[in-house]
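Given next are the chains, with one letter for each unit.
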Amino acid sequence: MKIDPIHQFNIEPLFTLGHIGNHTIAFTNSSLYMLVAVAIISILMLASGTQLVPGRLQSVAEISYEFVASTIRSTAGSEGMKFFPLVFSIFMFLCVSNLVGVIPYTFTIASHLIVTVALALLVFFTVLIYGVAKNGLKFFKIFIPHGVPGYILPLVMFIEILSFFLRPVSHSVRLFANMLAGHIALKVFAGFVAMLGFSLGAIGWVGGVLPLALTISLYALEILVAFLQAYVFAILTCIYLNDAIHPGH
Amino acid sequence: MAESHGGAKAPATDAHSEADGGHHAGAFPPFESSTFASQLVSLAIFFVLLYVIVSKLALPKVGGAIEARQNKIEGDLAEAQKLKDQSEAALKAYEGELASARSRAQAIGNESRDKANAQAEAERKSLEEQLAAKLAEAEKTIASTRATAMSNVRGIAADAAGTIVQQLTGVVPDTASVNAAVDASLKG
């Protein structure tokens, strides 16, 4: 019994959509789970009623709304509500796709660096373009922290600029690495159970209890991580947007 | 992902490098650049779709429902406050009315008592006057009766004196001297 913890991340084309240059554009399993995430979010947000006393589905929709709204207000102020649709889309997209991804035999969109990089760059360029468009050159005050003595200012500025341009890297790799590592660990421990059982027979099945318990606890942890990483991605988005809205703070 | 590696999926892993074209056997899937274009296109399509749904439909709808509830609660609270104020005003008006009615009742009571007292007093006075008048009249009557009686007594006394004198002396006394003597005796 061979454990292949990487297989779950394979991109399988389901059908070909067309070609751009010499790239084949296919509708893949990743595309399918993106569609699933969009469908779940749409059903949650649109099929829930607008009753005065909300039902279960409506409560979930309203809690999601209030949760994201309060996150934006607390990190980027009420002006940050301009980006409410963006932050809400990012948070819900990642949260739903990560939670769907924890279900066995499914695919996790955010376990591919290209997807998290694309989302991180979307946030990065939104911050950069909106920041410059709204504040002009004042936007670049974010590189000059207050109260830094003149003689170390060049060094601090260099670090600030470097960290600003490294943001998309940390932003995307954090999510990608968490999802990837969590799913690999889960797969490895789950594989131990089967491997022990099939190779050692009865003793193996008894011995497999330990990795099984580990798998179960890891699974619970992964559910938490799935939500938490979506939240971290969203709150970092809010913090970066705050720089564009209030540079120099 | 706790995806089991058994069953029909296992051979696909080994075969997919040929089948998928461009996937390199053994390469780490997240770093297979040949899949990037497909993923980016899918992400662009579905994220834009999600953004449109969220910004045009979902958030206005859910936000509207929350706002409507907020407005309803605020409206109801305002209404409740208004009704409370109204009931308090009504209570105050009632209490004021009650107090004024009570004082009016007291005033009416006082007035009627005074009137009754005054009437009784007047009746008493007139009765007393009547009684006094009757008394005076009675006294006058007594006095006149007494005077009449006294004059009768004088006449009777004079007659008796005349008769006694005549009986004793056989002489008919002079009326004038008899009267004078009676008068003197009556005064004495």
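Quick caveat, the model's predicted, so the values are computed rather than measured.

### Overview of the overall build of chain A
Turning to step 1, where the next piece is worked out: For chain A, the count of helices and strands is six helices and two strands.
Turning to step 2, where the next piece is worked out: Across chain A, helices and strands are ordered from the amino to the carboxyl terminus as β-β-α-α-α-α-α-α.
Turning to step 3, where the next piece is worked out: Across its three principal directions, the C-alpha atoms of chain A cover 70 × 55 × 45 Å.
Turning to step 4, where the next piece is worked out: With 249 residues in all, chain A has 47% of them scored as buried.
Turning to step 5, where the next piece is worked out: For chain A, the share of sequence-separated contacts (at least 6 apart) that also reach a separation of at least 24 residues comes to 67%.

### Quick notes on the pattern of salt bridges
Residue and element names in this part refer to chain A.
Turning to step 1, where the next piece is worked out: According to the stated counting rule, one finds seven salt bridges over all chains in the structure shown.
Turning to step 2, where the next piece is worked out: For Arg167, the salt bridge identified is with Asp243, shortest N-O distance 2.5 Å. Separated by 76 residues along the polypeptide, Arg167 in helix 5 (residues 153-207) and Asp243 in helix 6 (residues 209-245) bring together distant segments of the chain.
Turning to step 3, where the next piece is worked out: A residue is classified by how much of its surface remains accessible, and Arg167, at 17% relative accessible area, is buried.

### As for the environment of Gly182 of chain A
Residues and elements named next belong to chain A.
Turning to step 1, where the next piece is worked out: Mapped onto the secondary structure, Gly182 falls in helix 5.
Turning to step 2, where the next piece is worked out: Given a relative accessible area of 8%, Gly182 falls into the buried group.
Turning to step 3, where the next piece is worked out: Sequence separation between Gly182 and Ala226 is 44 residues, and the spatial gap between their C-alpha atoms is 9.2 Å.
Turning to step 4, where the next piece is worked out: Other than its neighbours up to four places away in sequence, Gly182 contacts Ala177 and Glu222.

### Quick look at unusual backbone geometry
Turning to step 1, where the next piece is worked out: For Tyr105 of chain A, which is not glycine, the phi torsion reads 75° and is therefore positive.
Turning to step 2, where the next piece is worked out: Its place among the elements puts Tyr105 of chain A in the loop between helix 3 (84-102) and helix 4 (113-135).

### Details of helix 2 (residues 56-76) of chain A
Turning to step 1, where the next piece is worked out: Between the first and last C-alpha of helix 2 of chain A there are 30 Å, a value that for 21 residues agrees with the 30 Å anticipated at 1.5 Å per step.
Turning to step 2, where the next piece is worked out: Among all positions in helix 2 of chain A, only Gln58, Ala61, Glu62, Ser64, Tyr65, Val68, Ala69, Thr71, Ile72 and Ala76 of chain A are buried.
Turning to step 3, where the next piece is worked out: Tucked into the core, helix 2 of chain A has its buried residues touching helix 1 (29-47), helix 3 and helix 6 of chain A together with helix 2 (36-169) of chain B.
Turning to step 4, where the next piece is worked out: Just beyond helix 2 of chain A, the residue with positive phi is Gly77 of chain A, at close to 75°.

### Overview of the interface of chain A and chain B
Turning to step 1, where the next piece is worked out: Taken together, the contacts link 64 residues of chain A with 41 residues of chain B.
Turning to step 2, where the next piece is worked out: Across the chain A/chain B interface, buried area totals approximately 4,900 Å², and carbon plus sulfur atoms make up 74% of it.
Turning to step 3, where the next piece is worked out: Counting every contact that joins chain A to chain B gives one salt bridge.
Turning to step 4, where the next piece is worked out: Note that Arg69 of chain B is salt-bridged to Glu62 of chain A, the shortest N-O span being 2.8 Å.
Turning to step 5, where the next piece is worked out: Counting across the interface, chain A meets chain B through nine residue pairs in polar contact (both at pLDDT 80 or more).
Turning to step 6, where the next piece is worked out: Mapped by element, the contributors of at least two residues to the side of chain A that touches chain B are strand 1 (13-20), strand 2 (23-28), helix 1, helix 2, helix 3, helix 4 and helix 5 of chain A.

### Some points on the side chain of Arg69 of chain B
Turning to step 1, where the next piece is worked out: When you line up the elements, Arg69 of chain B lands in helix 2.
Turning to step 2, where the next piece is worked out: What makes Arg69 of chain B buried here is its relative accessible area of 16%.
Turning to step 3, where the next piece is worked out: With near-sequence residues (within four places) excluded, Arg69 of chain B lies in contact with Gln51, Leu52, Pro54, Gln58 and Glu62 of chain A.

Rules behind the numbers
- Residues numbered from 1 in each chain as written.
- Chains lettered and ligands numbered in written order.
- Predicted model: local features only at pLDDT ≥ 70, side-chain atom pairs only at ≥ 80, totals over all residues.
- Heavy atoms only, no water.
- Helix = DSSP H or I, 4+ residues; strand = E, 2+ residues; numbered from the N terminus.
- Buried < 20%, exposed > 50% of the residue type's maximum accessible area, 1.4 Å probe, protein only.
- Contact = heavy atoms within 4.5 Å.
- Salt bridge = Lys/Arg side-chain N within 4 Å of Asp/Glu carboxyl O.
- Expected span 1.5 Å × (residues − 1).
- Buried area = accessible area lost by both parts, 1.4 Å probe.
- Polar contact = N/O pair within 3.5 Å; in protein donor to acceptor, adjacent residues only side chain to side chain.

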